[in-house]
Amino acid sequence: MTADDLKYKRILLKLSGEALMGDQSFGIDPAIVTQIAREVGILNKAGVQVAIVIGGGNIFRGVSLSAAGMDRTSADHMGMLATVINSLAIQDGLEHAGMQVRVMSALPIHQVCEDYIRRRAIRHLEKGRVVIFAAGTGNPFFTTDTAASLRGVEINADIVIKATKVDGVYSADPTKDPAATKYEHLVYDDVIRNKLAVMDTTAIVLCRDNDIPLRVCNMNKEGALLRIVRGEAEGTLVDRGEH
C-alpha cells in the first residue's frame, strides 16, 4: 500500500481512557496498549501522519468527583494529569513497536514530555513521528473530546476518528437496548439536535465549523483504522452530508 491509496493522510485519533482498561475495572491493560500500537503501526508504516488524544477515565474522572462536591477546576486538573499518564503508556507501547513518538502536553511538565506548540507538532508529524496530545486543552470545563476536535483543527487533520468500544453511533445504547439501530451516516446538526452520544456538543461544533469529518469506530476491530484511512465505510460517518 502506498500513500496514493489513502484518502486521509493526516488523522487525529481520539481514544477513550476507559478503553485502556480492557476487562479490568481500573488502570491500563498492557494487551490493549499492544493492540493499539499494532493498529497505529500499520498506519505509520503506510505513511499516515497520526496524532492521538486520549482520555483519562480509566484512572480519574474529574466530572464525577466534581459532582461529589470537589471544586470543578481542581477535579479537571486531576483528570488532565490522568491523561498524561495514559499518554506516556501509549508512547511506550508505540516505541516498543518501532515508532518514533512525541508526547506534547497542554500543561508544562518538562521532565516527562514536551509543551504543546502547534508548529512543532506539525513538524513532528511531517517527520513521520506519532504525536500524542496530553492534558486536554489545558483548561478546566473542556472534555478530551473537545481537545481532540481542537487539536484536529489546529494541525489541519483530514479527519477525526473516535475509537470506542462499539462499531459506530446507535439510536440507543446497544448494550442495553437490543432494538437500537446503527447509523451509517449522520449530519453534524442531527447529532446536536438529537443529542446523540457521539462527542460533546462543543467538539461536534468545532468539527462542523471547520468542516472536518468525524468517524466513530470500534477500536477492538482489527483493521478498522486502515479501512477508514483508505476511505472505506467503517463505523459511522459524521459530516456536512454534501456528497
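Residues numbered from 1 in each chain as written. Predicted model: local features only at pLDDT ≥ 70, side-chain atom pairs only at ≥ 80, totals over all residues. Heavy atoms only, no water.

J.: I'd like a rundown of the packing of helix α1 (residues 30-46) against helix α3 (residues 72-96), residues and numbers included.
T.: Put simply, α1 and α3 touch, their axes get as near as 9 Å, and they point 60° apart. Relative to α3, the element α1 lies oblique. The handedness of the crossing between α1 and α3 is right-handed. For the pair α1 and α3, the contacting residues are Val33, Ile36, Ala37 and Val40 in the first and Ala89, Ile90, Gly93 and Leu94 in the second. Grouping the constituent residues of the contact of α1 with α3 by class yields seven nonpolar, one polar and no charged. (Axes fitted to C-alpha atoms, helices over the stretch in contact; angles between N-to-C directions. Helix = DSSP H or I, 4+ residues; strand = E, 2+ residues; numbered from the N terminus. Parallel < 35°, antiparallel > 145°, perpendicular 65-115°, else oblique. Left-handed = near helix turned anticlockwise from the far one by under 90°. Contact = heavy atoms within 4.5 Å. Nonpolar A, V, L, I, M, F, W, Y, C, P; charged D, E, K, R; others polar.)

J.: Explain the packing of helix α5 (residues 144-154) against helix α7 (residues 201-209) to me, and be specific about the residues and the numbers.
T.: Relative orientation of the contacting elements α5 and α7 amounts to 15°, with a least axis distance of 7 Å. One finds that α5 runs roughly parallel with respect to α7. Considering only the axes of α5 and α7, their crossing is left-handed. Residues Asp145, Thr146, Ser149, Leu150 and Val153 of α5 form the contact with α7, whose participating residues are Thr202, Ala203, Leu206 and Cys207.

J.: Can you tell me about α5, naming the residues and giving the values?
T.: Most of α5 sits inside the fold, with eight of its 11 residues counted as buried. Where α5 is buried, its residues touch β1 (10-15), β2 (49-54), α3, β5 (130-134), β6 (159-164) and α7. Here α5 starts with a cap whose side-chain oxygen sits 3.3 Å from the backbone nitrogen of Asp145, and that cap is Thr143. Asn156, located one to two residues past α5, shows a positive phi value of around 60°. (Buried < 20%, exposed > 50% of the residue type's maximum accessible area, 1.4 Å probe, protein only. Polar contact = N/O pair within 3.5 Å; in protein donor to acceptor, adjacent residues only side chain to side chain.)

J.: Run through empty space enclosed by the protein, naming residues and quoting values.
T.: Summed over all chains, the structure comprises one cavity of 30 Å³ or more. One number sums up the size of the largest cavity: a volume of about 90 Å³. Forming the walls of the largest cavity are Leu13, Leu15, Gln35, Ile36, Glu39, Ala163, Cys217, Asn218, Met219, Lys221, Ala224 and Leu225. Ranked by residues supplied to the lining of the largest cavity, first place goes to α1 with three residues. Class assignment for the residues of the lining of the largest cavity results in eight nonpolar, two polar and two charged. (1 Å grid on protein atoms, 1.4 Å probe; cavity = no way out; pocket = protein on both sides within 12 Å on 5 of 7 lines; lining within 4 Å. Points joined across faces, edges and corners; volume = space filled by probe spheres on them.)

J.: Describe the layout of surface pockets, listing the residues and the values that go with them.
T.: There is about 1100 Å³ of room inside the largest pocket. Lining the largest pocket are 47 residues, and of these Lys14, Glu18, Arg61, Asp145 and Lys162 sit closest to its centre. Among the elements that make up the lining of the largest pocket, the one with the highest residue count is α3 (six residues). Residue classes in the lining of the largest pocket are distributed as 20 nonpolar, 17 polar and 10 charged.

J.: Describe α1, with residues and values.
T.: Its 17 residues place the ends of α1 24 Å apart at the C-alpha level, agreeing with the 24 Å of an ideal helix rising 1.5 Å per residue. Contact partners of the buried residues in α1: β1, β2, α3, β5 and α8 (224-229). Its side-chain oxygen at 2.9 Å from the backbone nitrogen of Ala31, Asp29 defines the N-terminal cap of α1. Taken from the residues just after α1, Gly47 is the one with a positive phi, measuring 100°. (Expected span 1.5 Å × (residues − 1).)

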